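Letter by letter, the chains look like this.
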Amino acid sequence: MKEAFKSVFGDYKDYIFIAIALLFYAIGVTLFLLPYQITTGGVTGIASLIFYATGFEIQNTYLIINAILLVLAIRIVGWKFCIKTIYGVGVVTIYLWLAQRLVEDPVTGELPRLVGDQSFMAVVLGAILEGIALGISFAHNGSTGGTDIIAAIVNKYKDVSLGHIMMIIDCLIISSCYFIFHDWEKIVFGFTALIISGLTLDHVMYSTRQSVQFFIFSRNYSKIASKLNEMGFGVTVLDGTGWYTHTERKVIVLIARKRQSNRIFSYIKSIDPYAFVSMNNCQGVYGEGFDVMKVKLKQKPTLVFATNNENKLSEVRAMLGRKYEIRSLKDIGCDVEIPETADTFEGNARLKVDFVKKYYGFDCFADDSGLQVTALGGEPGVLSARYAGDHDSDANNDKLLLNLKDKKDRSARFVTVIALEYKGKTYSFEGSVDGRIIEERRGEGGFGYDPVFVPDGYDKTFAELGDDVKNKISHRAEAVKKLCDFLEST
Ligand code: ITT
């Protein structure tokens, strides 16, 4: 029951803390901001502007605007996500109403000016109370609606930071109080309140989440580490060397919340009162048990490369991997050898993409490649993989060298044709590189005919030049570049 509640609503303690925190918010607004006609940002700012102009009570406007935003948010991001916001908006509405009824003059309905004519004092006190309240509430995953709801809705569709837009909106809200009061001082006070509450909020959030890092040097390190582990702390023991004694030392590294540091010190002291301990504040700690890294990784678009050839796959990943997530046939669960029965590279490449589209439903690309040797009338060509033995590179190279034994013209060309199946159409991109076939195999890199092929302008084979050079000048590199340009242009 308790677990079911937690999975839907979160920790019940959060609700208690949010309720207590928002009490400060209502006090700040009712006792210090409203009586001194200070306008802050957000929905409360808009609601207070309407109150100053018309007398329509602040909590009513606050509730109406948030209710509209919440209806939108529930439809777009789901009600589960909005539970704590609905709670926060409800609590603030009730508190604001209650606080005004409690302190207002029963006859005139005016709010008391607790600090007399000291408007600036009111700004400072009101903004600090607001900042503390929002800080505690945020630390317990609470929200008072307004910008939070807008952020949730916008983030559903776009990965943008709303910080700047919200800041501009806040500035507009505060500045528009000039149309009501015709008083620059009120604008300055509004901005001052915004800045003070922002700084206070940051400070509260920071101190509730403050983490510390311990380095513990002790001969009894294993007992201390085990004890800390037992008490639920994750510890790491590093190897070190005490330089004065030149002896091996173990160093315990531990990251914890600052509020846990007294407990940690007492564990250490109970085991080794002479332990050497350093404790440092951490600017941020991210990972299990701490904060989540807020940066959003840009998801790379995925492309399926219809190949079973691991060498081709790694070459293409090296060329396109920074921009695209390349998935192979294996990755999509296809382990069949797709028949290559056409008599052109393009025909075979198209057969492969058609097969994947038909049986696996993916748009994809495939490459059919081969070596064309002039003195052999363009052989092995489309039969490159099966020239002497099926995908047997040694046998294929032996046959090639044998057939070229007495030939003077050793010129050859590697060709790749990539077929791309994309939104119901098939496109093709060709790349080639000219070179010559040498007398014997050289080099350990590459695959297939790489050990016997020397590209023009070089005196080493592809197998000797290595992947970095090959992936810049090869037939496949040229075809992949054309594919990439096409994808970017679409
Ligand atoms: P997939 O059809 O699954 O992509 P495959 O190895 O059958 O793999 P191809 O039919 O396109 O690929 O390749 C024919 C042969 O040509 C290949 O097995 C190699 O022997 C040779 N080959 C292709 N590209 C090469 C390259 O960059 N370097 C050396 N040999 C290559």
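Since the model is a prediction, treat every value here as computed from it, not as a measurement.

Participant: Sorry if this is basic, but what is going on with the packing of aromatic side chains here?
Facilitator: Where two aromatic rings form a pair, the distance of their centres and the angle of their planes describe that pair. Counted according to the given criterion, the structure contains 15 aromatic pairs. For the pair Phe355 and Tyr359, a centre-to-centre distance of 4.8 Å together with 50° between the ring planes defines the contact as tilted. Residue Phe355 and its partner Tyr359 are located together in helix α14 (residues 345–360), separated by four residues, close to a single helical turn. Centroid distance Tyr422 to Phe486: 6.2 Å. Interplanar angle 85°. Geometry classified as edge-to-face. A residue pair is termed long-range when its members are at least 10 positions apart, and Tyr422 in strand β8 (residues 411–422) and Phe486 in helix α17 (residues 475–489) qualify at 64 residues. Residue Phe486 is classed as buried on the basis of its relative accessible area of 16%. A connected cluster of aromatic rings, assembled from ring pairs, spans Tyr422, Tyr427, Phe429 and Phe486. Directly above the aromatic system of Tyr387 lies the positively charged group of Lys399, at a separation of 4.4 Å from the ring centroid. In this structure, Lys470 is placed above the aromatic ring of Phe462, and the distance from its NZ or CZ to the ring centre is 5.5 Å.

Participant: I keep staring at the nonpolar core and nothing clicks. Help me out?
Facilitator: Most often, soluble globular proteins have nonpolar side chains that are buried together. Judged by nonpolar contacts, the single largest core of 45 residues is most densely connected at Leu22, Tyr25, Val29 and Ile38. At the level of elements, α2 (12–33), α3 (42–54), α4 (58–77), α5 (79–103), α6 (119–139), α7 (147–157), α8 (163–175) and α10 (184–209) are the ones that each hand at least two residues to this core. When neighbours within four sequence positions are excluded, Ile38 is seen to be in contact with Phe32, Leu33, Ser48, Tyr52, Val123, Phe189, Gly190 and Ala193. In this structure, Phe305, Leu420, Val480 and Cys484 belong to the second largest nonpolar core, which totals 17 residues.

Participant: How should I be thinking about α17 in this particular structure?
Facilitator: One turn of an α-helix holds 3.6 residues; hence residues three or four places apart share an orientation. For α17, spanning 15 residues, the distance from its first C-alpha to its last is 22 Å, which sits close to the expected 21 Å at 1.5 Å a residue. What α17 keeps buried is the set His475, Arg476, Ala477, Ala479, Val480, Leu483, Cys484, Phe486 and Leu487. Structurally, α17 contributes buried residues whose contacts are with β5 (302–305), α13 (310–320), β7 (364–373), β8, β9 (425–437) and α16 (462–473). N-cap assignment for α17: the residue whose side-chain oxygen lies 3.3 Å from the backbone N of Arg476 is Ser474.

Participant: When you look at the side chain of Ser211 in this model, what are you seeing that I'm missing?
Facilitator: Topologically, Ser211 is positioned in strand β1 (residues 211–217). With relative accessibility at 3%, the residue Ser211 sits in the buried group. Looking at Ser211, its side chain comes within polar contact range of the side chain of Arg257, at 3.0 Å. Sequence-distant contacts of Ser211, defined by excluding residues within four places in its chain, comprise Ala256, Arg257, Lys258, Asn280, Asn281, Cys282, Val285 and Phe290.

Participant: Please clarify how the site of the ligand should be interpreted in this entry.
Facilitator: Neighbouring residues of the ligand: 20 residues in total, closest Thr307, Lys312, Lys352, Asp450 and Lys470. Here a nitrogen atom of the ligand and a side-chain polar atom of Asp450 are 2.7 Å apart. Protein contact buries 96% of the 610 Å² of open area that the ligand shows by itself. The set of elements that each furnish at least two residues to the shell around the ligand consists of β7 and α17. In terms of residue class, the shell around the ligand is built from four nonpolar, eight polar and eight charged.

Cut-offs used in this document
Residues numbered from 1 in each chain as written. Predicted model: local features only at pLDDT ≥ 70, side-chain atom pairs only at ≥ 80, totals over all residues. Heavy atoms only, no water. Phe/Tyr/Trp six-rings, centres within 6.5 Å; stacked < 30°, edge-to-face > 60°. Helix = DSSP H or I, 4+ residues; strand = E, 2+ residues; numbered from the N terminus. Buried < 20%, exposed > 50% of the residue type's maximum accessible area, 1.4 Å probe, protein only. Lys NZ or Arg CZ within 6 Å of the ring centre and 35° of its normal. Core = buried A, V, L, I, M, F, W, Y, C linked by side-chain atoms within 4.5 Å. Contact = heavy atoms within 4.5 Å. Expected span 1.5 Å × (residues − 1). Polar contact = N/O pair within 3.5 Å; in protein donor to acceptor, adjacent residues only side chain to side chain. Near = heavy atom within 4 Å. Areas by Shrake-Rupley, 256 points an atom, 1.4 Å probe, with all protein chains shown as cover. Nonpolar A, V, L, I, M, F, W, Y, C, P; charged D, E, K, R; others polar.

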